[in-house]
Number of protein chains: 4
Amino acid sequence: MNTIGNLFTLTSFGESHGPAIGGVVDGMPAGIPVDMEFIQQELDRRRPGQSSIVTPRKESDRVEFLSGVFEGKTTGTPIGFVVWNENQHSSDYDNLRDLYRPSHADYTYQCKYGCRDHRGGGRSSARETIARCVAGALAKLVLRYLGIEVWAYTSQVGELSLPGDYRSYDRAEIEKNAVRCPDAEMARQMEAYIARVKSEGDTVGGVITGVISGVPAGLGEPVFNKLHAALGSAMLGINAVKGFEYGMGFAGARCRGSQVNDVFESHDGRITTRTNYSGGIQGGISNGEDIYFRVAFKPVATLLRDIETVDTQGNPVVLKAKGRHDPCVLPRAVPVVEAMAAMVILDYYLLAQSHKL
Amino acid sequence: MNTIGNLFTLTSFGESHGPAIGGVVDGMPAGIPVDMEFIQQELDRRRPGQSSIVTPRKESDRVEFLSGVFEGKTTGTPIGFVVWNENQHSSDYDNLRDLYRPSHADYTYQCKYGCRDHRGGGRSSARETIARCVAGALAKLVLRYLGIEVWAYTSQVGELSLPGDYRSYDRAEIEKNAVRCPDAEMARQMEAYIARVKSEGDTVGGVITGVISGVPAGLGEPVFNKLHAALGSAMLGINAVKGFEYGMGFAGARCRGSQVNDVFESHDGRITTRTNYSGGIQGGISNGEDIYFRVAFKPVATLLRDIETVDTQGNPVVLKAKGRHDPCVLPRAVPVVEAMAAMVILDYYLLAQSHKL
Amino acid sequence: MNTIGNLFTLTSFGESHGPAIGGVVDGMPAGIPVDMEFIQQELDRRRPGQSSIVTPRKESDRVEFLSGVFEGKTTGTPIGFVVWNENQHSSDYDNLRDLYRPSHADYTYQCKYGCRDHRGGGRSSARETIARCVAGALAKLVLRYLGIEVWAYTSQVGELSLPGDYRSYDRAEIEKNAVRCPDAEMARQMEAYIARVKSEGDTVGGVITGVISGVPAGLGEPVFNKLHAALGSAMLGINAVKGFEYGMGFAGARCRGSQVNDVFESHDGRITTRTNYSGGIQGGISNGEDIYFRVAFKPVATLLRDIETVDTQGNPVVLKAKGRHDPCVLPRAVPVVEAMAAMVILDYYLLAQSHKL
Amino acid sequence: MNTIGNLFTLTSFGESHGPAIGGVVDGMPAGIPVDMEFIQQELDRRRPGQSSIVTPRKESDRVEFLSGVFEGKTTGTPIGFVVWNENQHSSDYDNLRDLYRPSHADYTYQCKYGCRDHRGGGRSSARETIARCVAGALAKLVLRYLGIEVWAYTSQVGELSLPGDYRSYDRAEIEKNAVRCPDAEMARQMEAYIARVKSEGDTVGGVITGVISGVPAGLGEPVFNKLHAALGSAMLGINAVKGFEYGMGFAGARCRGSQVNDVFESHDGRITTRTNYSGGIQGGISNGEDIYFRVAFKPVATLLRDIETVDTQGNPVVLKAKGRHDPCVLPRAVPVVEAMAAMVILDYYLLAQSHKL
């Protein structure tokens, strides 16, 4: 159950403080040049220590491919990869061995497995998302070839929220600021806000908006495995995510049908929709318009404050503030959202291919 | 790709105006008494014609089991079932043969398959959810035995929204009103609102809240197949759903960590949480608290008004108002939400069983 | 676990003496004309009562499609189907309720499920293979379009075995005799032999040879899901099958490498092999040559003799001879072998399509 | 498609001459002590250079676990592992770049992927079975705890075949000779035979017999995923395997039902069978008796002789004898057969657990 996808799959492994995070990408099309610089760059977008508003931990996070690549190109066979863990101060976590941190997975792991690697959250650590970024970068290499683009940005941090939709902003702006917001002024406010939250030993949540353009019409399955259900499942699989909506989303619940129907039009022999409340997907299948969606992240559970909790015997204890955690995961989660979306779209592209005789 | 689940699965088949809707439930535990009255009652909650605020179509929707049941009990073998379609006025749909209705799946089916059964939406019709209600009812029979309860209610219709969370209302009230809202006064307002929307030839969206109680701690998978990801995927697979959130959901994006951490406590040797912002799931695995979630539905796309659109050649046409559609799907979608949730929980219960040596 | 296939799947349901045998075929390509006459003819080849050497039970076995077909063509949506059970003398089986027949699945079902439908073997009855013949016939309709042919014949009955390989015989002869052997003289001997075995209240095993021609090079997976592993698994899933071999098979165990290497040659720009000991598959992937394989069937376990066994309490009992069983399943299993092979080949064809960008 | 199993799965990766062979084992039960000595010993049984009758290549094949093990025990999370490739003389294979070796996967890989890693067979190399031995060793650690034993031996090499079934021989003898045959005298003959074949630059096939004892009754699925179908598929996935049979196997095809029915008996309240022609599986489900099966291996395709073939343009060429290959793979395939069997049995054990409420 550590695998995602149908025809393009990632099986991930690794704990925060074990020897490595890694995975196997299966179903990668053959003959794709492996642009190592691009892949590493994707990992660097996720890496700690990029700016003052994320965790200062130093991890180089270099990916090493072990198979499936020959003479610089994919061979179609599974791509095994590892990213070695460094900076493992395991003893830093000795205080977590015998207690359950609130709103973490310590207690539920113990219930499920009867044991757990307590160091840094073990398998439940967001460090596992490195594997997803590697697989997502590989998927993006194929999507690029197919003319499909996937991008995401921070659209809300706490109370601060971008008012417009994705077409209102300049995509080129996103990587220019530490918070990955496409509006420079809002980015400044968000950064200041995160800095203040951090200084108070607190954390804050937010929303990431994702966009996929260039998707051909006809990708998706009509009943249980709708394209947006796959996207939703992928996003809900990211650490700290509490909600997913696409197209008109929760706002659609307030609307009348007469307000949000997407009228079809024909331009130069191509059928398009005048509006896109549907979010590029109708009946679970892409219609050729942009797909866009929003992902809600809760605030990080680890605070730089003393926290009440219980030990594994149920006795009340106080967990002392310690560690180097992100006050807000949004900036570093943007590439993870993109990676998951890229994997899903490529997977569904391959599924659609399969039935063309 | 018309199958949901890992160990408890439903494979559904059927089109709105074909001979039947049906499915195969595989992985049903053996020896469970098949309470036919209960199952039919679940289907009746989904059936058209229950009240003045849903479609007046007359469909009896009787389920017929074809296998997997012997002498009144399940045998552990797959349960095939059918619900015969009645009331099929196929010629009513001749006007849809050559055009694409806005915000329906007509165009995307054509793109995916190169053909489609245009009658009543064919496979994309919400009539397919009958199969889910049958499977969900079977799952509920097992969950009842395990002490797990699944229930849902309409918490928002258009602008009208219940202010409190699920603990604020009386579950017994839900089935007493046509809109399936647990607050009698709000139910009256919602019904009046839906009646007005209907009289204007329009439709309206809303939100359904779902609750699962009695879930043992330890169900779920930690990475891609998190318990809430499976729930989300299941909900996003219901017709007209545009969003899913659980626990604090999108509201969590506005919050500080210090506000929403769920402090652990110990009572009589059982570890619980003081609050439940997590929504009963931490790190993708149940923690024994109530699971609760919200599902956003867009307004029905079929209006009782003339609608502009294009024919299959791309020429502009006007689709004349016609038919007997729901002004608001929420009341009839409540049992579908429950059914999907019940299937997911049973599936994950079986998954958790498998690894206990 | 009642589903076979990856992209072209059959989920089957039904017990011998329940209301119906049926299934859902998912992944059927759209736009294929559904040749009902052909499909029924495939079922008729499996049907009891065809000749004096098979069971005289009368079952009409008419298939009824419930979905996925519109205006005579497949739509790409799942095809639900049923074959109603007739001739159900359930009380005939009252003597089996409290005992376990030797070499049947009575005891193992009880161990697995804690209960069983004892009538005619319930789910373990070979009557379930009707569902496979329907799915296989649908697959054949697609394969025909792709220029791929699947055929099989009885090559051994008890001690009587055809000496040559599949190229030695006239395929057109197969359906001309009751035993489905491509050599008329051997067919006569086999029929006489089966008649004698039957008159003695006994049963006999045999071997079916299968051939698949016109398969393009490149179908298959290189490691666990090798094309021949999928074929083997499919064949071993047929009732009474005890062995599977392809190409040189068990005979290859006796050979030297120098005897059985298939030398490549080039003819008109097409690479072929001079011999075909490999059986059309190398490294798990088709090489464009004919695929051929052999499937071993044990003798039917139900004899027309009194049989010693135990009741469900473990007490020795004698089961009285009774019923109308096949003295040899081979003739009726030939279409089942073909059906399974057709499903596997189509499934792998779709898999191969998926990765062509 | 490089994954095997349902609940206990192995996803393998790696090419013969890439950086490493490795994999991810998912579904490993938690809390199992990881006996590294045992695991390495299993790898050593597969390793080249063990004796004069196998390839003299020197590979140390040390496994390195990267996750899923904490403080010496499994944690229930996926176990990633690598075995680094050494001794990679990639340039040794330059002569294979532009030609297709007979009866290897060179040509079929090219057809499937449009490219290939030509060095030592790339992904199709039997070196990939290292990953299976690691996963199989982990499975055996669990099976040992459950009282289930899996073992195998060489029962035929070319014309030399052990006459008796597995109960006729001394299991303790197997690891005492280089050929892994449980009869010391036959082992001597087989070794001499292989030595002679080797001296002639030739290779030879054979048969491995596998046995699984201590399996509880009730493991298996009744229709497509029969326990023996899963075993067969696993065995047919091993390099060079051409056939699989279990219980009476192909010999059953010659038999009368009256000869091979397994009469039930009751001893001390436990139901057993007097004979075991069924091979421990009835109707696809284990009956508590020993499971036994036979696996046919063709001779290795690489000869130490000049071989005619074609280049990638289809021109005839002669491939010069070269390399260090096994004259007979049987001795080194014995642990691979055991590994695959162990994985399948554990997987089905977990499946059976899942439905016990």
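None of these values were measured; they are calculated from a predicted model.

Another aspect to go through is the pattern of salt bridges. Oppositely charged side chains may form a pair once their charged atoms are brought near each other. Residues and elements named next belong to chain A. One pass over the full model with this rule turns up 108 salt bridges over all chains. Among the salt bridges present, the one from Glu-149 reaches Arg-171, with a minimum N-O distance of 3.1 Å. Of this pair, Glu-149 sits in strand 9 (residues 149-157) while Arg-171 sits in the loop between strand 10 (160-161) and helix 4 (184-199), placing them 22 residues apart in sequence. In this structure Glu-149 comes out as partly exposed when scored by relative accessible area, which is 41%. It is possible to trace a salt-bridge network through shared partners that takes in Glu-42, Arg-45, Lys-140, Glu-175, Arg-180 and Glu-338.

Right, let's get into the relation of the copies chain B and chain C. Superposition of chain B onto chain C requires a rotation of 180° combined with a translation of 0.0 Å along the rotation axis, giving an RMSD of 0.0 Å. The superposition operator between the copies reduces to a two-fold rotation axis.

So, about the sheet that holds strand 4 (residues 63-65) of chain B. Two strands in a sheet stick together by hydrogen bonds in their backbones, pointing the same way (parallel) or opposite ways (antiparallel). Residue and element names in this part refer to chain B. Spatially, the five strands line up as an open sheet ordered 1-2-3-7-4, and their pairing is antiparallel. Pairing within the sheet leaves two strands with one partner each, and these edge strands are strand 1 (3-4) and strand 4. Pairing of strand 2 (residues 9-14) with strand 3 (residues 20-26) involves six bridges; the strand directions are antiparallel. Directly across from Thr-11, in strand 3, lies its bridge partner Val-24. Of the strands in this sheet, strand 2, strand 3, strand 4 and strand 7 (79-84) touch helix 3 (residues 129-146), which is tilted by about 35° from strand 3.

Facing 103 residues of chain B, the contacting portion of chain A comprises 104 residues. Interface area for chain B against chain A, summed over the two sides, is near 8,000 Å², with a carbon-plus-sulfur share of 58%. Together, B:Met1, B:Phe224 and B:Lys242 form the three largest contributors to the area buried by chain B at its contact with chain A, with a combined 12%. The interface formed by chain B and chain A includes 10 salt bridges. B:Arg274 is the partner of A:Glu308 in a salt bridge, and the nearest nitrogen-oxygen pair spans 3.2 Å. Along the contact surface separating chain B from chain A lie 38 residue pairs in polar contact (both at pLDDT 80 or more). Of the residues assigned to the side of chain B that touches chain A, the class counts are 47 nonpolar, 34 polar and 22 charged.

Right, let's talk about unusual backbone geometry for a bit. Unlike most non-glycine residues, A:Asp61 shows phi in positive territory, near 50°. You can see A:Asp61 is positioned in the loop between helix 1 (36-46) and strand 4 (63-65). The backbone of C:Asp268 shows a phi angle near 50°, a positive value even though the residue is not glycine. Here C:Asp268 shows up in the loop between strand 13 (264-267) and strand 14 (270-273). With a relative accessible area of 85%, C:Asp268 lands in the exposed category.

Here we take up the state of the cysteines. Applying the stated criterion to the full structure yields zero disulfides over all chains. There is no disulfide at C:Cys181, and the cysteine sulfur nearest it, in C:Cys328, is 11 Å away.

This part is about the side chain of C:Arg127. Residue and element names in this part refer to chain C. Along the chain, Arg-127 turns up in the loop between helix 2 (106-113) and helix 3 (129-146). One polar contact links Arg-127 to Asn-85, side chain to side chain, over a distance of 2.6 Å. Filtering out sequence-adjacent residues up to four positions away, Arg-127 remains in contact with Ser-16, Ile-21, Arg-46, Glu-59, Asp-61, Val-83, Trp-84 and Asn-85.

The residue B:Ser91 is located in the loop between strand 7 and strand 8 (99-100) in this model. Each C-alpha atom, one on B:Ser91 and one on B:Arg119, is 8.1 Å from the other, the two residues being 28 residues apart in sequence.

Interface extent is often summarised as the accessible area lost during association of the parts. Taken residue by residue, the interface counts 37 residues in chain B and 37 residues in chain C. Across the chain B to chain C interface the summed buried area is about 2,700 Å²; carbon plus sulfur atoms make up 64%. The largest per-residue losses of area from chain B upon contact with chain C belong to B:Phe13, B:Leu66 and B:Phe70, which jointly make up 22% of the total buried on that side. Close ionic contact of C:Glu71 with B:Arg97 constitutes a salt bridge, the shortest N to O distance being 2.7 Å. Viewed at the interface, chain C and chain B are joined by 10 residue pairs in polar contact (both at pLDDT 80 or more).

Here the focus is the relation of the copies chain B and chain A. The relation between the two chain copies is a rotation about an axis coupled with a shift along that axis. Relative to chain A, chain B is turned by 180° and slid 0.0 Å along the rotation axis, the superposed coordinates differing by an RMSD of 0.0 Å. The share of interface residues of chain B whose copies in chain A are also at the interface is 100%, consistent with both copies meeting through the same surface.

All names here are of chain C. Structurally, Met-190 is set in helix 4 (residues 184-199). Judged by its relative accessible area of 0%, Met-190 falls in the buried class. It is 20 Å that separates the C-alpha atoms of Met-190 and Arg-47, two residues lying 143 residues apart in sequence. Aside from chain neighbours lying at most four places away, what touches Met-190 is Thr-154, Ser-155, Gln-156, Val-157, Leu-160, Val-179 and Cys-181.

Another aspect to go through is the packing of helix 5 (residues 227-236) of chain C against helix 5 (residues 227-236) of chain D. Contact pair helix 5 of chain C / helix 5 of chain D: the axes reach a minimum separation of 8 Å and the direction vectors enclose 160°. Between helix 5 of chain C and helix 5 of chain D, the interaxial angle falls into the category roughly antiparallel. Seen along the crossing, helix 5 of chain C lies across helix 5 of chain D with a hand that is right-handed. Of the residues in helix 5 of chain D, those touching helix 5 of chain C at C:His228, C:Ala229, C:Gly232, C:Ser233 and C:Leu236 are D:His228, D:Ala229, D:Gly232, D:Ser233 and D:Leu236. For the contact of helix 5 of chain C with helix 5 of chain D, the residue count by class is four nonpolar, six polar and no charged.

Quick look at the packing of aromatic side chains now. We describe a pair of aromatic rings using the distance from one ring centre to the other and the angle between the two ring planes. All names here are of chain A. For the structure on display, the rule yields 40 aromatic pairs over all chains. Here a set of aromatic residues connected by ring pairs shows up, and it is made of Trp-151, Tyr-153, Tyr-166 and Tyr-292. The ring of Phe-38 has Arg-144 sitting right over it, with the charged end atom 4.8 Å from the ring centre.

Next up on the list: the UniProt feature "binding site: FMN" (unreviewed entry) in chain A. The UniProt record marks A:Arg123, A:Ser124, A:Ser125, A:Asn239, A:Ala240, A:Gly283, A:Lys298, A:Pro299, A:Val300, A:Ala301, A:Thr302 and A:Arg324 with the feature "binding site: FMN" (unreviewed entry), using the residue numbering of this structure. Across 202 residues of sequence, these annotated residues are also dispersed in space, with a maximum C-alpha separation of 44.6 Å. You can see A:Ser124 is positioned in the loop between helix 2 (106-113) and helix 3 (129-146). Beyond its immediate stretch of four places on either side in the chain, A:Ser124 contacts A:Ala105, A:Tyr109 and A:Asn239. You can see A:Pro299 is positioned in the loop between strand 17 (291-297) and strand 18 (307-311). The exposure class assigned to A:Pro299 is buried, which follows from its relative accessible area of 2%. When sequence neighbours within four positions are dropped, the list of residues in contact with A:Pro299 reads A:Thr203, A:Val204, A:Gly205, B:Met248, B:Gly252, B:Cys255, B:Arg256, B:Gly257 and B:Val260.

Residue and element names in this part refer to chain C. One can find Gly-147 in the loop between helix 3 and strand 9 (149-157). Relative accessible area serves as the criterion here: at 48%, Gly-147 is assigned to the partly exposed category. A sequence separation of 133 residues divides Gly-147 from Gly-280, and the C-alpha atoms of the two residues are 16 Å apart. Discounting residues that sit within four places of it in the chain, Gly-147 has contacts with Ser-213 and Gly-214.

Next up on the list: the UniProt feature "binding site: NADP(+)" (unreviewed entry) in chain A. Residue and element names in this part refer to chain A. What UniProt calls "binding site: NADP(+)" (unreviewed entry) maps, in this numbering, to Arg-46. A relative accessible area of 3% means that Arg-46 is categorised as buried. Those residues in contact with Arg-46 that lie beyond four places of it in its chain are Asp-61, Ala-126, Arg-127, Thr-129, Ile-130, Cys-133, Arg-332, Pro-335 and Val-336.

The rules we used
- Residues numbered from 1 in each chain as written.
- Chains lettered and ligands numbered in written order.
- Predicted model: local features only at pLDDT ≥ 70, side-chain atom pairs only at ≥ 80, totals over all residues.
- Heavy atoms only, no water.
- Salt bridge = Lys/Arg side-chain N within 4 Å of Asp/Glu carboxyl O.
- Helix = DSSP H or I, 4+ residues; strand = E, 2+ residues; numbered from the N terminus.
- Buried < 20%, exposed > 50% of the residue type's maximum accessible area, 1.4 Å probe, protein only.
- Least-squares fit on C-alpha atoms with pLDDT ≥ 70 in both.
- Pairing = 2+ DSSP bridges.
- Contact = heavy atoms within 4.5 Å.
- Axes fitted to C-alpha atoms, helices over the stretch in contact; angles between N-to-C directions.
- Buried area = accessible area lost by both parts, 1.4 Å probe.
- Polar contact = N/O pair within 3.5 Å; in protein donor to acceptor, adjacent residues only side chain to side chain.
- Nonpolar A, V, L, I, M, F, W, Y, C, P; charged D, E, K, R; others polar.
- Disulfide = S-S within 2.5 Å.
- Parallel < 35°, antiparallel > 145°, perpendicular 65-115°, else oblique.
- Left-handed = near helix turned anticlockwise from the far one by under 90°.
- Phe/Tyr/Trp six-rings, centres within 6.5 Å; stacked < 30°, edge-to-face > 60°.
- Lys NZ or Arg CZ within 6 Å of the ring centre and 35° of its normal.
- UniProt positions renumbered as here; feature names shortened; annotations may be inferred.

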